[in-house]
Amino acid sequence: MTANKIRFIERDYYRKVMLDDNELMTLNQIETILDNAAARWDDLTFKFYENGSLEIIDNHTDELVSVKELRGAAYDFYVRERMRFIRTSLEAKILQSA
């Protein structure tokens, strides 16, 4: 069974959001803000399988994480990727039946 494997690094996610949404801050200012945030950044690997199943691995501990344990940016990432998977699957089925 083939899996689409995607690594999610929360700090990188917030850096991209801040760069995309802000024209006034420089990259150095954004890095300073992120460095000063007293946070443990999530580092997860998502494995989306063709049959719709999912495996999430915490790269800090090498343990499996359930969807219920996801929060904030990691949950947002999961939802967006799941929607993209569903959309792609539906488009493929429509093309097959056409």
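A. Focus on the packing of helix α1 (residues 10–21) against helix α2 (residues 27–36). Packing of α1 against α2 leaves a shortest axis separation of 10 Å and a crossing angle of 140°. Judged on the interaxial angle alone, α2 and α1 are oblique. Seen along the crossing, α1 lies across α2 with a hand that is right-handed. Touching R11, Y14, R15, M18 and L19 of α1 are L27, I30, E31, I33, L34 and D35, all from α2. Here the contact of α1 with α2 is composed, by residue class, of seven nonpolar, no polar and four charged.

B. Region of interest: unusual backbone geometry. One non-glycine residue, D62, lies in positive phi territory at about 60°. Accessibility expressed as a relative area gives 63% for D62, which makes it exposed.

C. How the structure looks around the pairing of strand β2 (residues 43–49). Of all seven residues in β2, seven are buried, a share of seventy percent or more. Residues D43, T45, K47 and Y49 of β2 are buried on one face, and the alternating residues L44, F46 and F48, pointing to the opposite face, are buried as well. Pairing analysis gives seven bridges linking strand β1 (residues 3–9) to β2, with the strands arranged antiparallel. Bridge pairing in β2 places N4 opposite F48. Direction of pairing for β2 relative to strand β3 (residues 54–58): antiparallel, over a ladder of five bridges.

D. Examining the nonpolar core more closely. I6, F8, L44, F46, F48, I56, V65, L70, A73, A74, F77 and Y78 form the largest nonpolar core, which has twelve residues in total. Elements supplying a minimum of two residues to this core: β1, β2 and α3 (72–97).

E. Region of interest: the side chain of R82. Along the chain, R82 turns up in helix α3. Buried and unpaired, R82 has no salt bridge, with E81 as the nearest side chain of opposite charge at 9.5 Å. A distance of 2.9 Å separates a polar atom in the side chain of R82 from the backbone oxygen of G52. Those residues within four positions of R82 in sequence are excluded, and the remaining contacts are F48, G52, S53 and L54.

F. Examining α3 more closely. Between its first and last C-alpha, α3 extends 38 Å over 26 residues, near the 38 Å set by a 1.5 Å rise per residue. When α3 is considered as a whole, its buried residues turn out to be A73, A74, F77, Y78, E81 and R82. Where α3 is buried, its residues contact β1, α1, β2 and β3.

Basis of the calculations
Residues numbered from 1 in each chain as written. Predicted model: local features only at pLDDT ≥ 70, side-chain atom pairs only at ≥ 80, totals over all residues. Heavy atoms only, no water. Axes fitted to C-alpha atoms, helices over the stretch in contact; angles between N-to-C directions. Helix = DSSP H or I, 4+ residues; strand = E, 2+ residues; numbered from the N terminus. Parallel < 35°, antiparallel > 145°, perpendicular 65-115°, else oblique. Left-handed = near helix turned anticlockwise from the far one by under 90°. Contact = heavy atoms within 4.5 Å. Nonpolar A, V, L, I, M, F, W, Y, C, P; charged D, E, K, R; others polar. Buried < 20%, exposed > 50% of the residue type's maximum accessible area, 1.4 Å probe, protein only. Pairing = 2+ DSSP bridges. Core = buried A, V, L, I, M, F, W, Y, C linked by side-chain atoms within 4.5 Å. Lys, Arg positive; Asp, Glu negative; His and termini not counted. Salt bridge = Lys/Arg side-chain N within 4 Å of Asp/Glu carboxyl O. Polar contact = N/O pair within 3.5 Å; in protein donor to acceptor, adjacent residues only side chain to side chain. Expected span 1.5 Å × (residues − 1).

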